[in-house]
Amino acid sequence: MSSAAPRVSADDALDPRAMREPLPNAWYCAGQAAAVAGGKMRSVALNGEQVVLGRGKDGALFALRDRCPHRGMALSKGKFDGDTLMCPFHGWRFGTDGRCRDVPTLSEHDASDFSRIAVQRFPIVESAGFLWVNPHLGPADLGAVPAVPALDFEPAGCLVLELEVEASFDLTTLSLVDPGHVAFVHDTWWFRPSKELREKVKTFQPVPHGFVMTSHATTTSSPIYRLLGGAPEVEIEFRLPGVRLERIKAGTKRVANYTFATPMGPNRTMLTNALYWSLPALNLLKPIARPLMRQFLTQDQQVLQHAQAGLDRKPTMVLLGQGDLPSQWYFRLKREALEAARDGRPFTNPLAPQELRWRS
Ligand code: FES
Ligand SMILES: [Fe+2]
């Protein structure tokens, strides 16, 4: 009798837990690149890990598990001399490659070998002024992972805000693609002067690892757009794992509003918002824009935390109508990423171009 090989096909159900968790093999925003300038270390919570980030004397970035293999001490609490990290508990030293370089408490007569001891390393890159870390622990096949967001113009200024949300990564990420909440959650005079719901018709196209909504000569009456003058072109892209890229063009003037969701741990997600502009005159508005941006993000934070409490009691959602289709697309993209990784094949975007109608 021949023994049947384990059957793996696209029909095999995914582990339902995998669909509820953030994609394990993806780049996540781990804070501003400026946070590791001048030999500073930064410790960040990332998908249940604690990771210490820094930049060596040679300019190379590193990301290591923030845990000394000896007794578990946080390496970020120790010292970094631009070359090695020293654990503050018993002085073990580690290179930025994670390898143990020295155990100073060993006697010369002690032949104990520390050369095989190492701290887990993670891939790290810099783009658009941010650090991006992939917390994946499996084989380093980064080819299948969506690229990190970049900026396609030279910014004259930038405003960054980070806000921790006590909600799951999925629920928080859905708010990045959910047109239905805007009229109710963000109904502030400066963002949405009109209180009426209006019919919207938008065209969506698939892009690698996501989808994009383009609109020319936007009809919005938002003062933000009016500041730019003329009728701007707006393009809003969503891509895995939890990245929203809004690009606004008015003649040669450019504004980019980027939002990133980063899973910190179960029901803890960092929302990072970065606003970049090409017009130096807009730098004057920074003191006004900062509290407005905080107000906007806090509106999301509050509503997401209350919704999470409801999902904790009963974890089901009803996704209804065309306004909820982008949310369904998020789950389809995520499922495809998980199935492609499981089957060892390239990611194929399952979405097709589509026109959506909703009221907001
Ligand atoms: S815990 Fe790090 S050296 Fe002992
Ligand atoms: Fe929102």
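- You'll find the chain entered in an unreviewed UniProt entry as Carnitine monooxygenase oxygenase subunit, with Methylorubrum aminovorans given as the organism.

Notes on the pattern of salt bridges
Phase 1: Taken as a whole, this structure holds 17 salt bridges when the rule is applied.
Phase 2: In this structure, the salt-bridge partner of D152 is R254, at a minimum N-O distance of 2.9 Å. Here D152, found in the loop between strand 10 (130-133) and strand 11 (157-165), pairs with R254, found in strand 16 (residues 253-265); they are 102 residues apart in sequence, far enough to count as distant.
Phase 3: Three or more residues are tied together by salt bridges with common partners; here these are E235, E237, R239 and R247.

Re the UniProt feature "domain: Rieske" (unreviewed entry) in the chain
Phase 1: When the UniProt feature table is mapped onto this chain numbering, "domain: Rieske" (unreviewed entry) sits at residues 27-133.
Phase 2: Structurally, residues 27-133 comprises 0% helix and 38% strand, and the distance from its first C-alpha atom to its last is 5 Å.

Some remarks on unusual backbone geometry
Phase 1: A cis amide bond links L240 to the next residue, P241, at an omega of 0 degrees.
Phase 2: Summarising the element assignment, P241 is placed in the loop between strand 14 (233-239) and strand 15 (243-250).
Phase 3: In this structure, A128 is a non-glycine residue whose phi angle is positive, near 55 degrees.
Phase 4: Topologically, A128 is positioned in the loop between strand 9 (124-127) and strand 10.

As for the coordination of the iron ion (ligand 2)
Phase 1: The protein atoms that coordinate the iron ion (ligand 2) are H181 (NE2), H186 (NE2), D300 (OD) and D300 (OD), at distances spanning 2.0 to 2.6 Å.
Phase 2: Every donor counted, the 4 donor atoms about the iron ion (ligand 2) form angles of 55 to 153 degrees at the centre, which fits irregular coordination.
Phase 3: Within one chain, the residues donating to the iron ion (ligand 2) are spaced in sequence as H-x4-H-x113-D. Note that H181 is positioned in the loop between helix 2 (169-174) and helix 3 (182-185) and D300 in helix 5 (residues 286-313), a separation of 119 residues in sequence.

Some details on the pairing of strand 12 (residues 199-207)
Phase 1: Alignment of strand 12 against strand 18 (residues 354-359), held across 6 bridges, turns out to be antiparallel. By the bridge assignment, K202 is partnered in strand 18 with L356.
Phase 2: Both strand 12 and strand 13 (residues 210-215) contribute to a ladder of 5 bridges, which runs antiparallel. Counterpart to Q205 in the pairing with strand 13 is V212.

Comments concerning the sheet that holds strand 9
Phase 1: In space, the 3 strands of this open sheet follow the order 1-10-9, with antiparallel pairing throughout. This sheet does not close on itself; its edge strands, each paired only once, are strand 1 (28-32) and strand 9. Strand-to-strand, the axes of this sheet are offset by a mean angle of 30 degrees, without reference to chain direction.
Phase 2: With 4 bridges joining them, strand 9 and strand 10 adopt antiparallel strand pairing. Within strand 10, the residue paired with V125 across the bridge is W132.

Rules and cut-offs
- Residues numbered from 1 in each chain as written.
- Chains lettered and ligands numbered in written order.
- Predicted model: local features only at pLDDT ≥ 70, side-chain atom pairs only at ≥ 80, totals over all residues.
- Heavy atoms only, no water.
- Salt bridge = Lys/Arg side-chain N within 4 Å of Asp/Glu carboxyl O.
- Helix = DSSP H or I, 4+ residues; strand = E, 2+ residues; numbered from the N terminus.
- UniProt positions renumbered as here; feature names shortened; annotations may be inferred.
- Donors = N, O, S within 2.8 Å, 3.2 Å for Na, K, Ca; no water.
- Tetrahedral: all angles 85-135°; square planar, octahedral: opposite > 155°, others 65-115°.
- Pairing = 2+ DSSP bridges.
- Axes fitted to C-alpha atoms, helices over the stretch in contact; angles between N-to-C directions.

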